[in-house]
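Here is how the chains run, residue by residue.
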Number of protein chains: 2
Amino acid sequence: MAANGIGDEFDLIAKYLAPLAAGAPGALGLTDDAAILDVPAGQRVVAAVDTMVAGIHFLGDDPPGDIARKIIRVNLSDLAAMGARPLGLLLALVLPRDVTGDWMERFAAGLKADSEEFHAPLIGGDTVGSDGPLTLSLTALGAVPAGQVLTRGGALTGDAIYVTGTIGDGALGLGIAKGALKGLDQAQENYLVERYRRPRPRLEFGVRLLGHAHAAIDVSDGLIADLGHICTCSGVGARLVAQAVPLSNAAQAALRLDQGKLADLLTGGDDYELLFTAPPENDAALRAIASDLAVDVTRIGSITDGGGLEVDDGDGLGLKLENGGYRHFRRG
Amino acid sequence: MAANGIGDEFDLIAKYLAPLAAGAPGALGLTDDAAILDVPAGQRVVAAVDTMVAGIHFLGDDPPGDIARKIIRVNLSDLAAMGARPLGLLLALVLPRDVTGDWMERFAAGLKADSEEFHAPLIGGDTVGSDGPLTLSLTALGAVPAGQVLTRGGALTGDAIYVTGTIGDGALGLGIAKGALKGLDQAQENYLVERYRRPRPRLEFGVRLLGHAHAAIDVSDGLIADLGHICTCSGVGARLVAQAVPLSNAAQAALRLDQGKLADLLTGGDDYELLFTAPPENDAALRAIASDLAVDVTRIGSITDGGGLEVDDGDGLGLKLENGGYRHFRRG
């Protein structure tokens, strides 16, 4: 549809994007306006969309490959939270007029790396030029066995609440990338920035949760807010033990620099870990899956019978959760 | 993900968009990050994405409802060209900070009207605020019986070339909306602007083409360019009879004002009619379908054995097709 500094839409797709569709016959080499997708028998389609705008959701000078990889991972994380496997990606790309061939090449290299790693071929999209900021919108399509899909709405009173990996790294990584957080050593900084720029969607873990978990969500708005979404959609309450929330060594080092930050970690977004609930009798099965996949899983609380979201903050670490912008929260 | 002048993302979705998902259980009330979709047994999924940016793909002061309806129709037209029926829509919406509640209300009303008319429920999306121009990206998902999907790559030598409806109205309507085309009467102007703002996706006709046509595309880049796409993807040539291309009464009136414009109509985009090829022996069946659905269908040429795209322009009406920006063309 559009022309810009590095050629018209057809050239641009042919040169940079069509190679990414090589392994997906239904992408029709990105020459058609639509893609065709086969859904395995007995499976339902799961569709997620995320939009990122330069200056808001990523920094203008972020490496182009990391921008591509982040939007893929953020979307795939939405599929992971439903227990779905990726089928394909559709990318809507609004490019500023001054985008260079070098930028496109590095962007496409990032797309390719993650598309291959996560078995999520690029099957379609649209590319337009604009005078506005670089804007990306990615639709991820996946499949999940009918009757097994996980949503945020299935939590039951008495469920245990679990989270994969560690929480707060994304928010700390953003702080470092912005130059707002100082005092950590280089390795800690690198670790946190990597966690921010290249979150790892827990796809395999999500698939294995089917049949074991009652509800799941990925931690994108922040642990507290996302647990609030589960509570709202499930019509339940929750009790979260702040001291149980798993933190990386780097995050613990950041906390030692400023004890007041625990609340920021619990309310910071961009972790893309899975937050899920399951009946306590499934604990052993969940730990076996975690061990199989070498993913850390930590129990951080329980689902309660209404009454909103309560946080047990132990000896009072300065949680100021009422400022977090989330909902359905009252201090425990 | 975003805040803007009319409330945060959750408020905005709850107030304006969630009501549109009421009829689609898999939309989960737009409260989840992903939607769930059932695909009828034996069918494949078709996915199309279109992106529109204010100032480029629509005019900033276009009625908000028409902006919504245009992006839906443009996308559904891509499904129509593959013979697919709509399953659902996912909307990525980048809103300028100064968007008003009134604008959102009118935009949502347009979404609702077309979503209902074309049986294409809104099942998901993402809404963010930005300092850039209003940007919309819509993913339309549809389903088509396995083994029957139409693409632009199936044309065979000897096929007849057909087009639905009339050609050139979209380009003329845009000219009128921009104030660049004058001299028509009010009814003609209204007709053409309506054709530009609210193209009608030929969904039912597309479904009926399955089993009768070899290749199809919707006329979005312009008749000549889109016929070129069929030729390239099918590895064939084409002979187009310019005088046979169907024009509306309003377009004929515009031509009488300036005979030189026929080339503009054949290369202008935004018609969203179906351009398709079929073996000549299917002519009677195609005419029966056209009659059933009260859609005009006109034969405008033939598929040839390579040699690019030839245009028979009769007694020379001033076609200047070499300036059209399309490909695989040589003058006949």
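Residues numbered from 1 in each chain as written. Chains lettered and ligands numbered in written order. Predicted model: local features only at pLDDT ≥ 70, side-chain atom pairs only at ≥ 80, totals over all residues.

Novice: Looking at this structure, I do not really get the sheet that holds strand 4 (residues 43-53) of chain B. What am I missing?
Specialist: Two orientations exist for strands paired in a sheet by backbone hydrogen bonds: parallel and antiparallel. What the five strands build is an open sheet, ordered 3(A)-4(B)-7(B)-5(B)-6(B); its pairing is mixed. In this open sheet, the two edge strands, each paired with only one partner strand, are strand 3 (34-37) of chain A together with strand 6 (122-130) of chain B. Averaged over all pairs of adjacent strands, the angle between strand axes in this sheet comes to 15°, irrespective of strand direction. Where strand 4 of chain B lies against strand 7 (residues 135-145) of chain B, eleven bridges are found, and the strand directions are antiparallel. Residue pairing for strand 7 of chain B: Arg44 of chain B is matched across the bridge by Val144 of chain B. Helix 2 (residues 64-80) of chain B rests against strand 3 of chain A together with strand 4, strand 5 (85-96) and strand 7 of chain B of the sheet, and its axis sits at about 30° to strand 7 of chain B. (Pairing = 2+ DSSP bridges. Helix = DSSP H or I, 4+ residues; strand = E, 2+ residues; numbered from the N terminus. Axes fitted to C-alpha atoms, helices over the stretch in contact; angles between N-to-C directions. Contact = placed C-beta atoms within 7 Å.)

Novice: So what exactly am I meant to see when it comes to helix 3 (residues 101-117) of chain B here?
Specialist: Since the α-helix advances by 3.6 residues per turn, residues separated by three or four positions end up pointing in the same direction. All names here are of chain B. Counted at 1.5 Å a residue, the expected span for helix 3 with its 17 residues is 24 Å, and the 24 Å between its end C-alpha atoms agrees. Within helix 3, the full set of buried residues consists of Met104, Phe107, Ala108, Gly110, Leu111, Asp114 and Ser115. Seen end-on, helix 3 carries its buried residues on one side only, within an arc spanning 155°. Seen from the buried face of helix 3, the exposed residues on the opposite side, beyond 90 degrees, are Asp102 and Glu116. Once helix 3 finishes, His119 follows within two positions and takes phi at roughly 55°, a positive value. (Expected span 1.5 Å × (residues − 1). Buried ≥ 20, exposed ≤ 12 C-beta atoms within 10 Å, placed from the backbone. Arc of directions from axis to C-beta.)

Novice: Explain the interface of chain A and chain B here, please?
Specialist: The figure often quoted for interface size is the accessible area lost as the parts come together. Of the residues lining the interface, 43 residues belong to chain A; the matching set on chain B comes to 43 residues. At the level of elements, strand 3, strand 4 (43-53), helix 2 (64-80), strand 5 (85-96), strand 6 (122-130) and strand 7 (135-145) of chain A are the ones that each hand at least two residues to the side of chain A that touches chain B. Ranked by the residues each element gives to the side of chain A that touches chain B, the list is headed by strand 4 of chain A, at nine residues. Of the residues in the side of chain A that touches chain B, the class split is 25 nonpolar, ten polar and eight charged. As defined by bridge partners, strand 4 of chain A adjoins strand 3 (residues 34-37) of chain B across four bridges and the pair is classed as antiparallel. Across the sheet, the residue bridging to Ala48 of chain A is Ala34 of chain B, located in strand 3 of chain B. (Nonpolar A, V, L, I, M, F, W, Y, C, P; charged D, E, K, R; others polar.)

Novice: Quick question: what am I supposed to make of the environment of Ser248 of chain B here?
Specialist: Residues and elements named next belong to chain B. Tracing the chain through its elements places Ser248 in the loop between strand 10 (237-241) and helix 8 (249-257). For Ser248, a count of 20 C-beta atoms within 10 Å gives the class buried. Taking C-alpha positions, Ser248 is 8.4 Å from Gly165, a pair spaced 83 residues apart along the chain. When neighbours within four sequence positions are excluded, Ser248 is seen to be in contact with Thr166 and Asp169.

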